[in-house]
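What follows is each chain in one-letter form.
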Amino acid sequence: MDVRADSTRQLVRLRGRSYVAFVFSPVVPIVDWLGEIDNTLARSPGYFVGKPIVLDLSAVDLSGPAIAHLLGSLGERNIRVLGIEGVDEERLATNMPPLLTGGRSCVITRNEPAKKPEPEPKPKPNSLLLENPVRSGQSIVFIEGDVTVLGSVGSGAEIVAGGSIHIYGTLRGRAMAGVNGNSAARIYCQRIEAELLAIDGYYQTAEEIDESLRNRPAQAWLQGDTMKITPLN
Amino acid sequence: MAKVLVVTSGKGGVGKTTSTAALGAALAQKGQNVVVVDFDVGLRNLDLVMGAERRVVFDLINVVQGVAKLPQALIRDKRVESLWLLPASQTRDKDALTDEGVGRVIDELRSRYDWILCDSPAGIERGATLAMRYADEAIIVTNPEVSSVRDSDRIIGMLDSKTVRAERGERVEKHVLITRYDPGRAARGEMLNIDDILEILATPLLGIIPESQDVLKASNVGTPVTLNNADSAPARAYVDAARRLMGEEVAMVVPTERKGLMNRLLGRRAA
């Protein structure tokens, strides 16, 4: 029964999506302007193929038939117009592209077929390895990902990481993991004598850390809104 | 080749000046040319511990500022002739020290001595950073007590980042010198023990100086403890540390007071 009730009510789901469109701003005389378009097409045919084109008519004063003629001329060049802006709606016939408003300028990234595609920028490393102890008073901030410390983290030192924190010595200072909202981040250490542990803003101070955990390998993680600290072995 | 050594700690009152004087004297007695430099401008003490306070005419600041030439400010020790002192100024403060000035003085000292021992002021400010700035090696003086150990940890971090060597990507060799150590109290848990300290600082040990009346006695008479009573426990510990600095292998033991039978019996009863 429930199934039938569901099938009768289909919800129309609306989604937003944005595209970058080329904006054509014709100027008088239109013939010369079309000549410029022809030049562009001669240099790289197919440059406008598959690209949304918007016609901005604010620089010219064209009548309805003139707009129709311009659209026709562009059509002959295989340029199809997605929308028109900068003109009174009355001048547009119903078979013309719709009037658009609220466009925002942006930079167009050209990828001409002649050009080699630029090599992808190397992804930034998303982990930081520290081979030396982190001394009292030092602050290591690494928002991009995990931090691994091979030595100890001294009392009065702090590690701030966007990801998890791994300490293969004793953690005597502060460790703050998942600082930009990563609640899945964890803190691991070989010996826990921490002053403060924090994950995604939830924290525990030394006083709240169970005495039975002290000086043992431990991990801290978030379970919902509570921080759990458990021995690793 | 000359070695510039900074004696530092972060925390005050742990024995930097005592250790500078004692180690300087011990090295000089081994035939090395040694100068001890007081960087505690405004609160100078090294001249007192060295017993040279009445012979100070020019000081480090005068040399840094070009008012006096280096030989005019250097004071030769009356007991060991290869031991020299470059005193600090008592009337100025640390702002009178400049990076280039200190660098120039250290360079000039390098050409004259085998060892340049810089007695750092407490703290992490200008005086302390300039004292360590040109160091090749560092002695971190630490008491067996948590606040001192944490401050030492902070100083080690600074040695690894703020010295000329660190900025060039080289290492400042570091040694921990534990002073005022009382084996009895450490055994009873009233003090941090050696292993705890070394575990926290992750730095090699240069020596362990036992707590002793002899240290205060020596500084009251203006004599480095190694010269005042060479047979005392702290003096022997400092001599051992100096030998290790010179590269000798010396077993790490905590020297104890040499007591007669009666003393030993009484000492036990008192404890």
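For the structure, check the block above.
The rules behind these values
Residues numbered from 1 in each chain as written. Chains lettered and ligands numbered in written order. Predicted model: local features only at pLDDT ≥ 70, side-chain atom pairs only at ≥ 80, totals over all residues. Heavy atoms only, no water. Pairing = 2+ DSSP bridges. Helix = DSSP H or I, 4+ residues; strand = E, 2+ residues; numbered from the N terminus. Contact = heavy atoms within 4.5 Å. Axes fitted to C-alpha atoms, helices over the stretch in contact; angles between N-to-C directions. Buried < 20%, exposed > 50% of the residue type's maximum accessible area, 1.4 Å probe, protein only. Right-handed = clockwise from strand over helix to strand, strands pointing away. Buried area = accessible area lost by both parts, 1.4 Å probe. Salt bridge = Lys/Arg side-chain N within 4 Å of Asp/Glu carboxyl O. Polar contact = N/O pair within 3.5 Å; in protein donor to acceptor, adjacent residues only side chain to side chain. Phe/Tyr/Trp six-rings, centres within 6.5 Å; stacked < 30°, edge-to-face > 60°. Parallel < 35°, antiparallel > 145°, perpendicular 65-115°, else oblique. Left-handed = near helix turned anticlockwise from the far one by under 90°. Nonpolar A, V, L, I, M, F, W, Y, C, P; charged D, E, K, R; others polar. Core = buried A, V, L, I, M, F, W, Y, C linked by side-chain atoms within 4.5 Å. 1 Å grid on protein atoms, 1.4 Å probe; cavity = no way out; pocket = protein on both sides within 12 Å on 5 of 7 lines; lining within 4 Å. Points joined across faces, edges and corners; volume = space filled by probe spheres on them. Patch = residues over 30% accessible without salt bridge, like charges linked within 9 Å, V, L, I, M, F, W, Y side chains within 5 Å. Areas by Shrake-Rupley, 256 points an atom, 1.4 Å probe, with all protein chains shown as cover. Expected span 1.5 Å × (residues − 1).

J.: Explain the sheet that holds strand β8 (residues 205-210) of chain B to me, please; I cannot follow it from the model alone.
T.: Sheet strands line up and pair through hydrogen bonds in the backbone, either parallel or antiparallel. Residues and elements named next belong to chain B. Here eight strands make up an open sheet; going across it, the order is β3-β4-β2-β5-β1-β6-β7-β8 and the pairing mixed. Where the open sheet ends on each side, the last strands, each with one partner, are β3 (75-76) and β8. Examined bridge by bridge, strand β6 (residues 137-142) and strand β7 (residues 173-181) share six bridges and lie parallel to one another. Paired with I140 across the two strands is V176, which belongs to β7. Against the sheet, helix α1 (residues 16-29) makes contact with β1 (3-8), β2 (34-38), β4 (83-86), β5 (115-119), β6 and β7, and its axis sits at roughly 170° relative to β5, the strand it touches most.

J.: Any chance you could explain the pairing of strand β2 (residues 53-56) of chain A here in plain terms?
T.: Side-chain positions along a regular strand alternate between the two faces of the sheet. All names here are of chain A. Where burial is concerned, the two faces of β2 agree: the one with I53 and L55 and the one with V54 and D56 are both buried. Pairing of strand β1 (residues 22-24) with β2, which is carried by three bridges, proceeds in the parallel orientation. In the strand pairing of β2, V23 is matched with V54. For the handedness criterion, the β-α-β arrangement of β1, helix α2 (residues 30-43) and β2 is classed as right-handed. Summarising the sheet, β2 and strand β3 (residues 81-85) pair through four bridges and their orientation is parallel. Each residue of the ladder has a partner; that of L55, found in β3, is I84. Handedness of the crossover is the feature at issue here: the chain leaves β2, passes through helix α3 (residues 64-76), returns alongside β3, and the resulting connection is right-handed.

J.: Any chance you could explain the interface of chain B and chain A here in plain terms?
T.: Reports of interface size often rely on the accessible area that becomes lost once the parts have come together. Across the boundary between the two partners, chain B contributes ten residues, which contact 14 residues of chain A. A buried area of about 850 Å², summed over both sides, lies between chain B and chain A, and 40% of it is on carbon and sulfur atoms. Per-residue buried area on chain B facing chain A is highest for R150(B), D153(B) and E199(B); these three make up 51% of the total on that side. Applying the counting criterion to the chain B and chain A interface returns four salt bridges.

J.: Honestly, the environment of S89(B) in this entry has me stumped. Any pointers?
T.: Residue and element names in this part refer to chain B. With respect to the element layout, S89 can be found in the loop between β4 and α5 (99-110). Along the sequence, S89 and D59 sit 30 residues apart, while their C-alpha atoms lie 5.6 Å from each other. Polar side-chain contacts of S89 include one of 3.3 Å to the backbone nitrogen of R92.

J.: I keep staring at the packing of aromatic side chains and nothing clicks. Help me out?
T.: Here a ring pair, both rings aromatic, is described through the centre-centre distance and the interplanar angle of the planes. All names here are of chain A. Applying the stated criterion to the full structure yields two aromatic pairs over all chains. Seen from their ring centres, F24 and W33 are 5.8 Å apart, and the 75° between their planes marks the pair as edge-to-face. Of the residues examined, W33 reaches a relative accessible area of 11% and is grouped as buried.

J.: Honestly, the packing of helix α7 (residues 146-159) of chain B against helix α10 (residues 194-201) of chain B in this entry has me stumped. Any pointers?
T.: Residues and elements named next belong to chain B. With their axes 10 Å apart at the nearest point, α7 and α10 run at an angle of 30° to one another. With respect to their mutual orientation, α7 and α10 come out roughly parallel. α10 is crossed by α7, and the crossing has right-handed handedness. Between α7 and α10, the contacting residues are V149, S152, D153 and I156 on the first element and I197, I200 and L201 on the second. Along the lines of polarity and charge, the residues of the contact of α7 with α10 split into five nonpolar, one polar and one charged.

J.: Which parts of the structure should I look at to understand the nonpolar core?
T.: In a soluble, globular protein the nonpolar side chains are often hidden away together inside. Residues and elements named next belong to chain B. With 48 residues, the main nonpolar core has F39, L86, L97, L109 and I116 as its most contacted residues. The greatest single-element share of this core, amounting to five residues, is contributed by α7. Grouped together as the second largest cluster of nonpolar side chains are 35 residues, L23, A28, V80 and Y238 included.

J.: I'm lost on empty space enclosed by the protein in this one. Help?
T.: Gaps left between atoms are located by rolling a probe of water-molecule size over the structure's atoms. Residues and elements named next belong to chain B. In the structure shown here, the tally under the stated rule is two cavities of 30 Å³ or more. For the largest cavity, the calculated volume is near 30 Å³. As for the largest cavity, its lining consists of M50, A52, I75, R76, D77, L83, W84 and L85. Listing elements by their share of the lining of the largest cavity, those giving two or more residues are β3 and β4. Broken down by element, the lining of the largest cavity gets its largest block of residues, three residues, from β4. Its residues assigned to classes, the lining of the largest cavity comprises six nonpolar, no polar and two charged.

J.: Even after reading the chapter, I still don't get the sheet that holds β1(A), so can you show me in this structure?
T.: Residues and elements named next belong to chain A. The strand order across the open sheet built from three strands is β1-β2-β3, with neighbouring strands paired in parallel fashion. For this open sheet the edge positions go to β1 and β3, each flanked by a neighbour on one side alone. Each strand axis lies, on average, 30° off the axis of its neighbour in the sheet, ignoring direction. Lying on the sheet, α3 is in contact with β1, β2 and β3; it crosses β3 at an angle near 150°.

J.: When you look at the packing of α2(A) against α3(A) in this model, what are you seeing that I'm missing?
T.: The angle between the axes and the distance between the axes are what describe a pair of packed helices. Residues and elements named next belong to chain A. Between α2 and α3, the least distance of the axes is 11 Å, while the angle of their chain directions is 20°. The angle between the axes of α2 and α3 places the two elements in the roughly parallel class. When the axes of α2 and α3 are compared, the crossing they make is right-handed. For the pair formed by α2 and α3, the contact residues are I30, W33 and L34 on the first element and L70, S73 and L74 on the second.

J.: Is there a simple way to think about a nonpolar patch on the surface in this case?
T.: All names here are of chain A. Together, L129, L150 and Y168 line one region of the surface with nonpolar side chains, adding up to about 310 Å² of accessible area. Note that L150 resides in the loop between β6 (146-149) and β7 (158-161). Owing to a relative accessible area of 41%, L150 belongs among the partly exposed residues under this scheme.

J.: In this structure, what is going on with α7(B)? I would like to understand it.
T.: Side chains that are three or four residues apart share a direction in an α-helix, a result of its 3.6 residues per turn. Spanning 14 residues, α7(B) covers 20 Å between terminal C-alpha atoms, matching the ideal 20 Å at 1.5 Å per step. Burial in α7(B) covers these residues: S148(B), V149(B), S152(B), D153(B), I155(B), I156(B), G157(B), M158(B) and L159(B).

J.: Help me understand the pattern of salt bridges in this model?
T.: Throughout the structure, instances matching the rule amount to 23 salt bridges over all chains. Among the ionic pairs, E170(B) bridges to R168(B), the shortest N-O distance being 3.3 Å. Between R243(B) and E248(B) there is a salt bridge, and its shortest N-O distance comes to 2.8 Å. Relative accessible area serves as the criterion here: at 26%, R243(B) is assigned to the partly exposed category. If you follow the salt bridges from partner to partner, you end up with R172(A), R191(A), E193(A) and E199(B) in one network.

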